[in-house]
Amino acid sequence: MRAAVLTQQGAPLEQQELPDPEPAPGQIALTVRACGVCRTDLHLRDSEIDAPRLPLVLGHQIVGISDDGRRLGVPWLGWTCGECRFCRSNRENLCIRSRFTGRDIDGGYAQRTVADERYCFALPEGLSDEQAAPLLCGGLIGYRALTLAGDGKRLGLYGFGSAAHMICQLAVHQGREVYAFVRPGDERTTAFARSLGATWAGPSTEAAPEPLEAAIIFAADGSLVPQALRALDRGGVVVCAGIHMSEIPAFSYDDLWQERSIRSVANLTRGDAEAFLALAPQVPLRTTVTTYPLERAEDALSDLRAGRFEGSAVVVP
Ligand SMILES: [Zn+2]
Ligand SMILES: [Zn+2]
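What you are looking at is a predicted structure, and each value in this text was computed from that prediction instead of being measured.

Caption draft 1: Molecular detail of the sheet that holds strand 1 (residues 2-6). Spatially, 2-1-4 is the arrangement adopted by the three strands of the open sheet, whose pairing is antiparallel. The sheet is open, and its two borders are formed by strand 2 (14-17) and strand 4 (56-57), each paired with just one other strand. Bridge count for strand 1 against strand 2 is four bridges, and the pairing is antiparallel. For Ala 4, the partnering residue across the bridge sits in strand 2 and is Gln 15.

Caption draft 2: A look at the nonpolar core. The biggest cluster of nonpolar side chains holds 96 residues, and the ones touching the most others in it are Leu 157, Ala 180, Ile 216 and Ile 217. Counting residues domain by domain, this core receives three or more from each of domain 1 (2-135 + 267-316) and domain 2 (139-264). The contact partners of Ala 180, leaving out residues within four places of it in the chain, are Leu 157, Phe 160, Ala 164, Cys 168, Ala 193, Ala 198 and Ala 201.

Caption draft 3: Region of the structure containing the domain arrangement of the protein chain. Taken domain by domain, the protein chain comprises domain 1 (2-135 + 267-316) and domain 2 (139-264). The gap between the C-alpha centroids of domain 1 and domain 2 is 25 Å. With 21 residues of domain 1 at the contact, the number on the domain 2 side is 18 residues. The element contributing the most residues to the side of domain 1 that touches domain 2 is helix 7 (residues 270-279), with four residues.

Caption draft 4: How the structure looks around helix 7. Buried residues of helix 7: Asp 272, Ala 273, Phe 276 and Leu 277, and no others. Looking straight down helix 7, one finds that the buried residues subtend no more than 115° of arc, so they occupy a single side. Opposite its buried face, helix 7 presents the exposed residues Gly 271, Glu 274 and Ala 278, each directed more than 90 degrees away.

Caption draft 5: Representation of the environment of Gly 197 within the structure. Locating Gly 197 in the fold gives a position in the loop between helix 5 (187-195) and strand 13 (200-203). When the C-alpha atoms of Gly 197 and Gln 169 are compared, they prove to be 6.9 Å apart, with 28 residues separating the residues in sequence. Dropping the residues within four chain positions of it, Gly 197 is found in contact with Cys 168, Gln 169, Val 172 and Val 178.

Caption draft 6: Representation of the pairing of strand 15 (residues 232-240). Of the strand pairs in this sheet, strand 14 (residues 212-217) and strand 15 are connected by five bridges, and their pairing is parallel. If you follow Leu 212 over to strand 15, its bridge partner there is Leu 232. Once you follow strand 14 into helix 6 (residues 224-230) and on to strand 15, the crossover reads as right-handed. Direction of pairing for strand 15 relative to strand 16 (residues 261-264): parallel, over a ladder of four bridges. For Val 238, the partnering residue across the bridge sits in strand 16 and is Ile 262.

Caption draft 7: Structural view of the sheet that holds strand 11 (residues 154-158). If you trace the six strands from one edge of the open sheet to the other, you get 13-12-11-14-15-16, paired in parallel fashion. Looking at the sheet topology across the chains shown, the edges are occupied by strand 13 and strand 16. The sheet shows a mean angle of 20° between the axes of neighbouring strands, direction not considered. One ladder, built from five bridges, connects strand 11 with strand 12 (residues 177-182); its direction is parallel. What sits directly across from Leu 155, in strand 12, is Val 178.

Caption draft 8: Structural context of the packing of helix 3 (residues 138-148) against helix 7. At their nearest, the axes of helix 3 and helix 7 sit 9 Å apart, and the two run at 100° to each other. Overall, the two elements helix 3 and helix 7 adopt an arrangement that is roughly perpendicular. For the pair helix 3 and helix 7, the contacting residues are Gly 139, Leu 140, Tyr 143 and Arg 144 in the first and Asp 272, Ala 273 and Phe 276 in the second. Here the contact of helix 3 with helix 7 is composed, by residue class, of four nonpolar, one polar and two charged.

Definitions and cut-offs
- Residues numbered from 1 in each chain as written.
- Chains lettered and ligands numbered in written order.
- Predicted model: local features only at pLDDT ≥ 70, side-chain atom pairs only at ≥ 80, totals over all residues.
- Pairing = 2+ DSSP bridges.
- Helix = DSSP H or I, 4+ residues; strand = E, 2+ residues; numbered from the N terminus.
- Core = buried A, V, L, I, M, F, W, Y, C linked by C-beta atoms within 7 Å.
- Buried ≥ 20, exposed ≤ 12 C-beta atoms within 10 Å, placed from the backbone.
- Domains from an automatic or database assignment.
- Contact = placed C-beta atoms within 7 Å.
- Arc of directions from axis to C-beta.
- Right-handed = clockwise from strand over helix to strand, strands pointing away.
- Axes fitted to C-alpha atoms, helices over the stretch in contact; angles between N-to-C directions.
- Parallel < 35°, antiparallel > 145°, perpendicular 65-115°, else oblique.
- Nonpolar A, V, L, I, M, F, W, Y, C, P; charged D, E, K, R; others polar.

Here it is as structure tokens:
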């Protein structure tokens, strides 16, 4: 099979011809139809988070067809132990032995892959392979972040990429007001957020027009944490949804006072996947995707780094 392989962190992906992966007991083999591009892939490529082993096939938003003809989605969480204190308390997202797709297990920037059958999900029928792929990380982890943000009406989204463009639609469907904060000067993304139902969209340096009940930070910029905190109403929460963030600047305790809180979201559970994938067709959720052939996987990462597209990028082998 052909695959785009990370052989060295900080260097471009290499196109390679590899043997087809063989499924171990409990795994199934899939022919990859589409694989979403996530900022985590870029963090691994750019050495912002550690790759536990190399060479590595990135990609953890896989839409594939099993050898018996089922269309399945494979997310970031690829394996859990089922025995640790987190697995036994409904928090498998925090499993101490967890293994992740496209990090510990070769992922979907390839023509074939294997996945633990317990972590393969049926996908909504109304979405093409390319449109469904971004649901598997941006959608799922965005949904977990939205759940942990509580049910407040006025929701801020900081960073309006793949995850936010889906969570905006879901939040509007739930009757919330979405306030979208984008990079200063980014008029194209401001208009994109408004087109998806945001009540307000503007630069992240601007104050929110109304105090927010919750804010989700999808961007990897730590300076957004105190900014989002200052946009919150009393009792509000800032949810940091990314796997990596630059350093958070110091801020006054006054900004946290009145029961405001900051928390992170890590990974997903199978329960999140089942709930979100059932909800998506009810919205109905539509993704804006830019597709890249497998040979251009490196270009997809470059375009994500530079913010050259709206919504999600998807690699099609
Ligand atoms: Zn991801
Ligand atoms: Zn565990």
